[in-house]
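Descriptive analysis of the structure
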Amino acid sequence: MRKINKLASVPPTLKNVSAPTNPSEVCETVYRADDVRQQLMKDQFHKCAYCDCRVTLPYNDVEHYRPKASYYWLAYEWSNLLYACSLCNRTYKKASFPLVDESQKVTAPGSLEAERPLLINPAVDIPTDHVKFRRHEIVGVTDKGRETIKLLHLNDRLNRPELVADRERLYEQYNLELDKIDKVGRILLEPGLPRNVLCELQGVIELSKNSIGLMKSPICLLYSSPSPRDATLSRMP
């Protein structure tokens, strides 16, 4: 999970639409309009807001951070929208929105300041304040981080094997590049190396550094998100 920097300007479809006054007024064609989805995809580098897997337009969802079923007046609110894979959105999060104190839940339009969500919002929160990595495993360091991991099954090898395996692969690849830099660096300390050899070895180090930089960048993608059929199969006993 990485920090998402959403475009400040609101997509045209959402600019001139009135907020729903009750749940029955929420219209899917508004928040799922092409310009909304395309901007979310661009802002998130084609990744799920929660698990970082690759998402595509046909098979994934405009996610309401605060669920539209409970917070209907926020259904078209740009700041409440994210793009998510079908597993994170439909299979695990669904309409859940855990709070530190459920008695503070807002049930009508008004200030949300009293609420203290236990779900990371990567467009608002800094995820690394709440989760860290222990090798390839994501570990919660705050209550919000731990609840997010639990709710979205981010370490679930049984039900999300591709996600966990791809993080493991990325971790191993990262360490291979670090080892390569270390080994080549020690060779470079040897006296009397020909100039052409020095240049080649320095090039190897630069390539490894570039690979590590790519792994850390927002465009680094994990596995492709499943289609709705795959998501259904993953829920079968």
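Residues numbered from 1 in each chain as written. Predicted model: local features only at pLDDT ≥ 70, side-chain atom pairs only at ≥ 80, totals over all residues. Heavy atoms only, no water.

**Observations regarding the overall build of the protein chain**
Spelled out, the test is: The helix count covers DSSP runs of H or I at least four residues long, the strand count covers runs of E at least two residues long, and both are numbered beginning at the N terminus. Think of it in three bands: with a 1.4 Å probe and only protein chains considered, a residue is buried below 20% of the maximum accessible area for its type, exposed above 50%, and partly exposed in between. Between two residues, a contact is recorded if the distance between any of their heavy atoms is within 4.5 Å.
Looking only at helices and strands, the protein chain features 8 helices and 4 strands. In sequence order, the protein chain lays out its α and β elements as α-α-α-β-β-α-β-β-α-α-α-α. Among the 237 residues that make up the protein chain, the fraction classed as buried is 42%. Sequence separation of at least 24 residues holds for 68% of the intrachain contacts in the protein chain that already meet a minimum separation of 6.

**Section: the nonpolar core**
To keep it simple, the criterion reads: Nonpolar cores were defined as sets of buried Ala, Val, Leu, Ile, Met, Phe, Trp, Tyr and Cys residues, with membership established by side-chain atoms within 4.5 Å.
Grouped together as the largest cluster of nonpolar side chains are 45 residues, with contacts concentrated most on Cys48, Tyr50, Cys51, Leu81, Cys85 and Leu154. Going through the elements one at a time, helix 2 (28–31), helix 3 (34–43), strand 2 (81–84), helix 4 (86–93) and helix 5 (143–152) are the ones with two or more residues in this core. Those residues within four positions of Leu154 in sequence are excluded, and the remaining contacts are Met1, Tyr50, Cys51, Ile138, Thr148, Ile149, Arg160, Leu163, Val164 and Arg167.

**Here's the deal with the packing of aromatic side chains**
The criterion, for reference: Centres within 6.5 Å are what make two rings of Phe, Tyr or Trp a pair, Trp counting through its six-membered ring; a difference in plane orientation under 30 degrees is then read as stacked, over 60 as edge-to-face, and the rest as tilted.
If you walk through the whole model with that rule in mind, you get 4 aromatic pairs. Here the aromatic rings of Tyr65 and Phe97 are separated by 5.0 Å at their centres, their planes lie at 85°, and the arrangement is edge-to-face. One end of the pair, Tyr65, is in the loop between strand 1 (61–64) and strand 2; the other, Phe97, is in the loop between helix 4 and strand 3 (131–134), with 32 residues separating them in the sequence. Its relative accessible area of 4% is what places Tyr65 among the buried residues. For Phe97, a relative accessible area of 6% translates into the label buried. Centre to centre, the rings of Tyr71 and Trp73 are 5.6 Å apart; their planes meet at 55°, and the pair counts as tilted. Residues Tyr71 and Trp73 agree in their burial class; the two are buried.

**Focus: the side chain of Asn89**
Its place among the elements puts Asn89 in helix 4. Every residue in contact with Asn89, bar those within four places of it in the chain, is listed here: Asp61, Val62, Glu63, Ala84 and Lys94.

**As for helix 5**
Every α-helical turn comprises 3.6 residues, leaving residues that sit three or four positions apart pointing alike. When we look at burial in helix 5, the residues that qualify are Lys144, Gly145, Thr148, Ile149, Leu151 and Leu152. Residues of helix 5 that are buried sit in contact with helix 4, strand 3 and strand 4 (137–140). Just downstream of helix 5 lies His153, where phi reads positive at about 55°.

**Description of the confidence of the model for the protein chain**
In regions of low pLDDT, the predicted coordinates are not meant to be interpreted in detail. We count it as follows: The predictor reports its confidence for every residue as pLDDT, a score running from 0 up to 100.
Across the protein chain, the average pLDDT comes to 87, with 88% of residues at or above 70. Averaged pLDDT values for the elements of the protein chain fall to 34 in helix 8 (residues 228–235) and rise to 97 in helix 5. Within the model, the stretch residues 223–237 combines pLDDT values under 50 with 28 contacts to residues more than four positions away or in other chains.

**As for the state of the cysteines**
Two cysteines, two sulfur atoms, one covalent bond between them: this is a disulfide. Filter applied, for reference: Cysteine sulfur atoms are paired as a disulfide whenever they fall within 2.5 Å.
Per the stated rule, a full pass over the model turns up 0 disulfides. The cysteine Cys48 is free of any disulfide, with Cys88 supplying the nearest cysteine sulfur at 3.8 Å. Its relative accessible area of 2% is what places Cys48 among the buried residues. Free cysteine Cys88: the closest other cysteine sulfur is in Cys85, separated by 3.7 Å.

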